[in-house]
Amino acid sequence: NDTVDELLAKFSSVNSSVERTGGFTSMERHTLFQVVARNNSLFIDMVGKLGIKDRSDTAWHLSQYEELHEGMRKEFDLDERFLNVEFKLNLIQQNAKFFLEVLHAQKSNTLEWVIIVLISF
């Protein structure tokens, strides 16, 4: 959760800078790409490697451990914690998607102008 909060702080600083200046510096682009990559890695780690949403093999095969497994999930608030982290990661992902689309549109506009200039000569 601390890592996700750190990503939110980085993204917040990028948001503030874009809000002030109306554009991206190369450092902010670099930071944005890092945040997107880290965000994706966290999703993969949580779901794939940690198996947060998976039932343990022991609980799956031995029914007497199912109750213990569910009790531990409730005791440690795993579902609620996962939802909180997932919400934050989705927030970062949605904002990053918007900024990446803006960067793509800016690059497309620049390329269109280059093509227009090349055609005119």
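Here we summarise the structure given alongside this text. Keep in mind it's a predicted model, so treat the numbers as computed, not measured.

Describing helix 5 (residues 78-120)
Alright, step 1. Helix length check: helix 5 (43 residues) gives 62 Å between terminal C-alpha atoms against 63 Å at 1.5 Å per residue, within 8%.
Alright, step 2. Listed as buried for helix 5 are Phe82, Val85, Leu89, Ile92, Ala96, Phe99 and Leu103.

Quick look at the packing of aromatic side chains
Alright, step 1. Under the defined criterion, the tally for this structure stands at 3 aromatic pairs.
Alright, step 2. Here the aromatic rings of Phe24 and Phe99 are separated by 5.2 Å at their centres, their planes lie at 85°, and the arrangement is edge-to-face. Of the two residues, Phe24 sits in the loop between helix 1 (2-21) and helix 2 (26-49) while Phe99 sits in helix 5, which places them 75 residues apart along the sequence. Taken as a pair, Phe24 and Phe99 share a single burial class, namely buried.
Alright, step 3. Through a chain of ring-to-ring contacts, three or more aromatic side chains come together here, namely Phe11, Phe24, Phe98 and Phe99.

Remarks on the packing of helix 1 against helix 5
Alright, step 1. Two elements in contact, helix 1 and helix 5, have axes separated by 10 Å at closest approach and are oriented at 30°. Accordingly, the angle class assigned to the pair helix 1 and helix 5 is roughly parallel. In the packing of helix 1 onto helix 5, the handedness of the crossing is left-handed. Here Val4, Asp5, Leu7, Leu8, Phe11, Asn15 and Val18 of helix 1 come into contact with helix 5, specifically with Val85, Lys88, Leu89, Leu91, Ile92, Asn95, Ala96 and Phe99.
Alright, step 2. Partitioning the contact of helix 1 with helix 5 into residue classes produces 11 nonpolar, 2 polar and 2 charged.

Definitions and cut-offs
Residues numbered from 1 in each chain as written. Predicted model: local features only at pLDDT ≥ 70, side-chain atom pairs only at ≥ 80, totals over all residues. Heavy atoms only, no water. Helix = DSSP H or I, 4+ residues; strand = E, 2+ residues; numbered from the N terminus. Expected span 1.5 Å × (residues − 1). Buried < 20%, exposed > 50% of the residue type's maximum accessible area, 1.4 Å probe, protein only. Phe/Tyr/Trp six-rings, centres within 6.5 Å; stacked < 30°, edge-to-face > 60°. Axes fitted to C-alpha atoms, helices over the stretch in contact; angles between N-to-C directions. Parallel < 35°, antiparallel > 145°, perpendicular 65-115°, else oblique. Left-handed = near helix turned anticlockwise from the far one by under 90°. Contact = heavy atoms within 4.5 Å. Nonpolar A, V, L, I, M, F, W, Y, C, P; charged D, E, K, R; others polar.

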